[in-house]
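# Structural overview
The lines below spell out each chain.
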Amino acid sequence: MSPMIDWMRGLWIRLRYYLFRARYDREMEEEMRFHLDLRAADNRQNGMSDVDARDAAARRFGNRTSLEEHRRAAVGFPTLDTLGQDLRYVVRAIRHAPGFSAMVVLTLGLGIGANAAMFGIVDRLLLRGPAHVVDPDRVVRVYVTQQDGDLGESTGSVVGFVTYSHLRDNAKDFEDLAVYARTEATVGRGADAHRIMLGRVSWNFFPMLGVRPALGRFFGADEDHLPQGENVIVLDEGYWKRAFAGDRGVLGRAMTVGGVTYTIVGIAPQGFTGVELERRDAWVPISLTYWGPGANWATGWDINWLQIVGRLKPGVSLEDVGSRATIAHRRAFDGPANHTMRTATLSAAPLRFNARAKEKTETRLSRWLVAVAAIMLLIACANVANLFLARATTRRREVAVRLALGIGRGRLIRLLVAESAVLGLIGGAAGLAVAYAGGRFVRAVLLPNVAWIDATVDLRVLGVTAVSAVVTGILVGLAPALQATRLELTSSLKSGIREGGAQRSRLRTALTITQAALSVVLLVGAGLFVRSLWNVYSLRLGLEPDRVMTVAFDWPTIVDRSDDARQRERFRQADFYVAALARVRAMPGVERAAVVVGTPFQSSNSTALRVPGRDSIPTLPGGDPLIRAVSDDYFATAGTRVLRGRAFTAADVSTSARVAVVNETMARTLWPNRDPVDECLLIDTMPCAQVVGVVEDARRFSLREEAAMQYYIPLGQERALGFGGRKLFVRPSGNGEGFPDRLRAELLRLDPGIGYVTVQSLQESLDPQIRPWRLGATMFGLFGVLALIVAAIGLYSVISYLVTQRAHELGVRIALGAQVGDIVGLVVRYGVGLAVAGVAIGTVIALNTARWIEPLLFETSPRNPWVFAGVMVVLLVVAVLASVIPAWRASRTDPIEALRAE
Amino acid sequence: MPAVPSRAELLPGTLAMLVLKTLTVDTMHGYAIAQHIERLSNDVLRVQEGTLYPALQMMEVKGWVKSEWKLTPTKRRARYYAITAAGRKQLAQEAREFDRVVEAVGRVMQPA
């Protein structure tokens, strides 16, 4: 018989035994009775009386009850047999030590919950990708890298339609290629108006991603065509439920968006956001051009407004795709010979990368936070293991008694591990609450733009939590259990808890130091991010975005596309802004207001510029000179300081003398060592604009950018340049509570026909840039503080235990005349010693690992000495606090008590 | 009181070997196995009878023996055990091991 079959047969017999135990018991009973009968009969034959014969037989047979145990052990499933018993023991043990159990559950709950929460976030950001996309790993975004003269290389994914159409026809590595863009649009008029986020996509976007409509259909090739597609719209299921109460009759009905009437043809499934994670309320064909980008949008090489995504054929690598797409693109290029797109290099990257082909900061940070959560769990585990070790020591007698009474060591370990596993599970349940609260917090506060469709705690999070709870529970209990059961029986019974702890306390010391070290690492991370955030906030932007409200009007779409009609509309709008400005300035609660063409952080314009006496304008790394047209009082409203000369006044209008204000960089670059006031700027084909003032540099787009030239002309004087996109800047007095609503109402009174009025803080345009640092500072800070608390608890428990263990010795010292200060000093020195060791190790680790997060920091060295010093001080202070309480208790030890005990 | 011949407790682990050896003679029920061992060892080896049955069950689980309920010549139901191929292999191995131990002990105990 082969061993395998042997084993299987054995298993079968065991299983049969377990299932039909009653029958087996009966059978063995019968066998034994038969045996005893035969023996008794033999005895009788040897001349014994009937009673004697039976007694002798029974004596010879042996003790039946202990045999019972033997037999079970030989055949049964001991685990199953004793499971109920174990559980009863565990419940008793947990109820017996409520404080200890609560501490374990709390610590594990925090550790497991933090991990579950982070998993819930990362699951969507990194692992699963956008919802409803089939096989998202094979969907890529196409990027274009252009060589732009002195400015060097720039990579981006926003391209023109012509790049797409050429690539679609020539690239063979894609199963399909589609394009998308997005636009905010207004539904309704006046007070009822609301903004929706429109996804503008080519018809094949949906089949390429593999998404199916929840109702109706998506639009087809016959509705998305050049030069202008059909007015059809697909609603997002969420929006459909909100705006139409989920009425199935909306299909085929008309809907007005931005003044244009569409036919609703279908409903996209809930949470479908295309290839990005931000909310979309509706989808329209990309070939609808009400929002620009101009007449030759399908063929022009200078009109960049959409992004290309494609599904790779199986088995092609990203490198191959890039090189072959580059060849296809260059061969098909039909633009001007000096165009940078002629020599552009194409590449492809996964969807989680941002518009500049870099992994999004949020994504990278999330990955870090997962690591941080894992460290947090490690600290929690170390702490709980420590608590178990401490308790194992006080339970030495119980364990020794159990061993002496004949419990198997394996069984005992199982009991102890079962206890920690049960506590782990309860901790996991607590962790779910933490995951729910934490997940909601991170989603709402730190990643608000992502359209989260999954429940905060979904099945996957639940699974991860359950697994980590069980594994943690078992691991945490195993080591202490192994230690606890490795006892010399007699000495333990005799000595109780006093002796034999040296080895265990070494392990506990190591665990405590580990906790302190890991806390240092997390706190250093937190410190670096807080420092970054502080640097961000204390940055001089040349603007005060948090003090400025921007007001934008959504004008009805100009359906009549003739130049004449457009011109009329533009003048009408310009007049409206003048009237609106006057009205707003008269409103109570308004400190200042201005009108601007070209909002910082949102839009910009540039045009041809010359300066008399110079052949050309130097090119700065920050880019071409930007021009903004602003009304009077703009600089004071925006918070940009005037350094020389004057700002614009109410007298600077479209018809007055041509003047300009330049920024510091421009003044320094064009007229070094000279006063720029009264110099002349030749803007486009306009006559000389006289420089009247110099203002400080103001940020154009981002927190981190190279200095660039920027100049301002009076509002109205830009009309010849054809710039659009005006906004009202309002500086409210006070904190602006309820201000947006009042402002909106006031403007609607002025002209009920205007579309949606968007009022938002300029800061909101900047927030997405600050968010990564805020996310980092908040999360690292949160985890760091949690880690510190857990480490403090750990240290406290170690010191308390130490004090109990050394009560005898301390009693002797007190009896010999040691003062309170001596005892406290002794204990605190020990605690601080542990902390110092932890700080030293943690600092070394942090010094070596912090550089990995350097790219995520803002103008902060990963070895910032203040951060490191601060963390050290905090940790040492906490160590002193955690040691002082048990130390003080120790100093009050009654020497007689201590010496008499045991 | 008549002098009772001293009886050796079975060496731990030898019970299985003795049972297997016994079963090479014939299939038997538990009582017969116990008697057989005692008789052949001139009553020196006495099986603690109660432990015999758990041992038999353990050996069955391991596949060394198999059992069957049959009627005895006196028409009583009894469980008869038979050795299996795996049991013979196990017996051979244990016997070798036992010989080595006995030989070793013997060498130690021989007068120098």
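The text that follows walks through the structure, step by step, so that each part is easy to find. As the structure is a computational prediction, the values presented were derived from the model and not from experiment.

## Re the overall build of chain B
Counting secondary structure elements, chain B contains four helices and three strands. Sorting the 112 residues of chain B into buried and exposed places 44% on the buried side. Within chain B, contacts between residues separated by at least 24 positions form 49% of all contacts whose residues are at least 6 apart in sequence. Accessible surface, chain B: about 6,800 Å² in total, of which carbon and sulfur atoms supply 59%.

## What about the pattern of salt bridges?
All names here are of chain A. The tally for this structure, following the rule as stated, stands at 38 salt bridges over all chains. With a closest N to O distance of 2.8 Å, Arg-253 and Asp-247 form a salt bridge. With a relative accessible area of 40%, Arg-253 lands in the partly exposed category. Ionic pairing is found between Glu-705 and Arg-700, a salt bridge with its closest N-O pair at 3.4 Å.

## Examining the pairing of strand β14 (residues 590–597) of chain A
Residue and element names in this part refer to chain A. Of all eight residues in β14, six are buried; the element is thus mostly enclosed. Pairing analysis gives seven bridges linking β14 to strand β22 (residues 726–732), with the strands arranged antiparallel. Each residue of the ladder has a partner; that of Val-596, found in β22, is Lys-727. Inspection of the sheet shows β14 paired to strand β16 (residues 626–630) by two bridges, in the antiparallel sense.

## Focus on the sheet that holds strand β1 (residues 28–29) of chain B
All names here are of chain B. Pairing in this open sheet of three strands is antiparallel, and the strands run β1-β3-β2 from one edge to the other. Both edges of this open sheet fall to β1 and β2 (65–71), since each of them pairs with a single strand only. By the bridge criterion, two bridges tie β1 to strand β3 (residues 77–83) in an arrangement that is antiparallel. Within β3, the residue paired with Met-28 across the bridge is Tyr-81. Packing against the sheet, helix α1 (residues 14–23) makes contact with β1, β2 and β3, and its axis sits at approximately 95 degrees to β3.

## Re the side chain of A:His166
All names here are of chain A. Tracing the backbone through its elements, the reader meets His-166 in helix α7 (residues 161–170). A distance of 3.3 Å separates a polar side-chain atom of His-166 from the backbone oxygen of Ala-332. For His-166, the residues in contact, after removing those within four places along its chain, are Trp-301, Ala-332, Phe-333 and Asp-334.

## A closer look at the environment of A:Ala57
Residues and elements named next belong to chain A. By the element assignment, Ala-57 lies in helix α3 (residues 50–61). Ala-57 sits in the buried class, given a relative accessible area of 1%. For the pair Ala-57 and Asp-37, spaced 20 residues apart in sequence, the C-alpha to C-alpha distance is 8.2 Å. Not counting the four nearest positions on each side in its chain, Ala-57 is found in contact with Leu-36, Arg-39, Ala-40 and Asn-43.

## Brief notes about the environment of A:Glu319
Residues and elements named next belong to chain A. Residue placement: Glu-319 occurs in helix α10 (residues 318–332). The exposed category is assigned to Glu-319, whose relative accessible area is 61%. Put simply, Glu-319 and Ser-347 are 28 residues apart on the chain and 7.4 Å apart in space, counted from C-alpha to C-alpha.

## Examining the packing of aromatic side chains
Here the structure, examined in full by the defined rule, presents 22 aromatic pairs over all chains. Seen in terms of ring centroids, A:Tyr634 and A:Phe729 are 5.7 Å apart; in terms of plane orientation they differ by 45 degrees. Their pairing is tilted. With A:Tyr634 in helix α18 (residues 634–638) and A:Phe729 in strand β22, the pair connects residues that are 95 residues apart, well separated along the chain. These aromatic residues form a ring-pair network of at least three members: A:Tyr180, A:Phe205, A:Phe206, A:Phe218, A:Phe219, A:Phe272 and A:Trp283. The lysine or arginine in question, B:Lys70, covers the ring of B:Tyr80, its NZ or CZ lying 5.3 Å from the ring centre. A cation sits over an aromatic face here: B:Arg77 above B:Trp69, 4.4 Å from the ring centre.

Rules used in this analysis
- Residues numbered from 1 in each chain as written.
- Chains lettered and ligands numbered in written order.
- Predicted model: local features only at pLDDT ≥ 70, side-chain atom pairs only at ≥ 80, totals over all residues.
- Heavy atoms only, no water.
- Helix = DSSP H or I, 4+ residues; strand = E, 2+ residues; numbered from the N terminus.
- Buried < 20%, exposed > 50% of the residue type's maximum accessible area, 1.4 Å probe, protein only.
- Contact = heavy atoms within 4.5 Å.
- Areas by Shrake-Rupley, 256 points an atom, 1.4 Å probe, with all protein chains shown as cover.
- Salt bridge = Lys/Arg side-chain N within 4 Å of Asp/Glu carboxyl O.
- Pairing = 2+ DSSP bridges.
- Axes fitted to C-alpha atoms, helices over the stretch in contact; angles between N-to-C directions.
- Polar contact = N/O pair within 3.5 Å; in protein donor to acceptor, adjacent residues only side chain to side chain.
- Phe/Tyr/Trp six-rings, centres within 6.5 Å; stacked < 30°, edge-to-face > 60°.
- Lys NZ or Arg CZ within 6 Å of the ring centre and 35° of its normal.

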